[in-house]
Amino acid sequence: MTQAPATRLLLAATLLACAPSPHVDTETTDIRVGQAGPWAVQWAPDPDPLPYNEPFALDLIVDGEPLPTIVQVRADMPEHGHGMPTDPVVTALGDGRYRADGMLFQMTGAWRIVVNLDSEEAVFGVTCCP
Ligand SMILES: [Cu+2]
């Protein structure tokens, strides 16, 4: 059976409407600029590209005055319900620059990196590992 284009469009619209509105589009990977409340956040992994099952760091640039008091980074695999085996440590380098050491992606697939700035957060979808 062949569906008329209008029917197919309606189907697509219905599917979209039924999907929960996600906090982050984890299919949109490798976007490295985001917003956490009043702060703009940029991140880059070190090394770049992300390594598989090896420790890496995140270099963060936070833009917005005053800077947040609390900066934390975590990561998880939303489809698997687990995080990293490590607990990253964030060091303030001054001028809105931060470094999160001790990141580790122990599985390939879809991850989220969550940057907490005070009570706000920026969520980034990333794929481990290119
Ligand atoms: Cu997993």
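Structure's up top.
Please read all numbers here as calculations on a predicted model, not as lab measurements.

Enquirer: Whenever I open this one, the overall build of the chain confuses me. Can you help?
Expert: Looking only at helices and strands, the chain has 1 helix and 9 strands in total. Moving toward the C terminus, one meets the helices and strands of the chain in the order α-β-β-β-β-β-β-β-β-β. Looking at the chain as a whole, 21% of its 130 residues qualify as buried. Partitioning the contacts of the chain with sequence separation of at least 6, the portion at a separation of at least 24 is 56%.

Enquirer: Before we go on, may I ask you to explain the sheet that holds strand β3 (residues 56-63) in this structure?
Expert: By way of backbone hydrogen bonds, the strands of a sheet pair with one another, either parallel or antiparallel. Reading across the sheet, the 5 strands line up as β1-β2-β3-β7-β6 and stay open at both edges, with antiparallel pairing between neighbours. Each of the sheet's edge strands pairs with one partner strand only, and the pair in question is β1 (33-36) and β6 (89-94). Shown here is a sheet whose adjacent strand axes are inclined to one another by a mean of 30 degrees, direction ignored. Judged from the 5 bridges that link them, β3 and strand β7 (residues 97-103) form a sheet pairing that is antiparallel. Opposite Phe 56, over in β7, you have Met 103 as the bridge partner.

Enquirer: Please clarify how the pairing of strand β8 (residues 109-117) should be interpreted in this entry.
Expert: Regular strands have side chains that alternate between both faces of the sheet. Bridge count for strand β4 (residues 71-77) against β8 is 6 bridges, and the pairing is antiparallel. Looking at β8, one finds that Gln 72 is bridged to Asn 116. By the bridge criterion, 9 bridges tie β8 to strand β9 (residues 120-128) in an arrangement that is antiparallel. Bridging across to β9, Val 115 finds its partner in Ala 122. Hairpin connection from β8 to β9: 2 residues lie between these consecutive antiparallel strands, with Asp 118 at a positive phi of about 50 degrees.

Enquirer: Sorry if this is basic, but what is going on with the sheet that holds β4 here?
Expert: Read across the sheet, 4 strands follow the order β5-β4-β8-β9 without closing on themselves; strand pairing throughout is antiparallel. The sheet is open, and its two edges are formed by β5 (82-83) and β9, each paired on a single side.

Enquirer: When you look at the nonpolar core in this model, what are you seeing that I'm missing?
Expert: Proteins that are soluble and globular tend to have nonpolar side chains buried together. Val 41, Trp 43, Leu 60, Val 62, Ile 113 and Val 115 are the most contacted members of the largest nonpolar core, which totals 25 residues. If we ignore the near neighbours within four places in the chain, the residues touching Val 62 are Trp 39, Val 41, Leu 67, Pro 68, Val 71, Gly 96, Tyr 98 and Leu 117.

Enquirer: Can you walk me through the pairing of β1 in this structure?
Expert: Two elements, β1 and strand β2 (residues 39-46), share 4 bridges in a ladder whose sense is antiparallel. When the bridges of β2 are listed, Ala 36 appears paired with Trp 39. Counted between consecutive antiparallel strands, the loop separating β1 from β2 contains 2 residues, among which Gly 37 sits at a positive phi close to 55 degrees.

Reading guide: rules and limits
- Residues numbered from 1 in each chain as written.
- Predicted model: local features only at pLDDT ≥ 70, side-chain atom pairs only at ≥ 80, totals over all residues.
- Helix = DSSP H or I, 4+ residues; strand = E, 2+ residues; numbered from the N terminus.
- Buried ≥ 20, exposed ≤ 12 C-beta atoms within 10 Å, placed from the backbone.
- Contact = placed C-beta atoms within 7 Å.
- Pairing = 2+ DSSP bridges.
- Axes fitted to C-alpha atoms, helices over the stretch in contact; angles between N-to-C directions.
- Core = buried A, V, L, I, M, F, W, Y, C linked by C-beta atoms within 7 Å.

The analysis is restricted to geometry; functional conclusions fall outside its scope.
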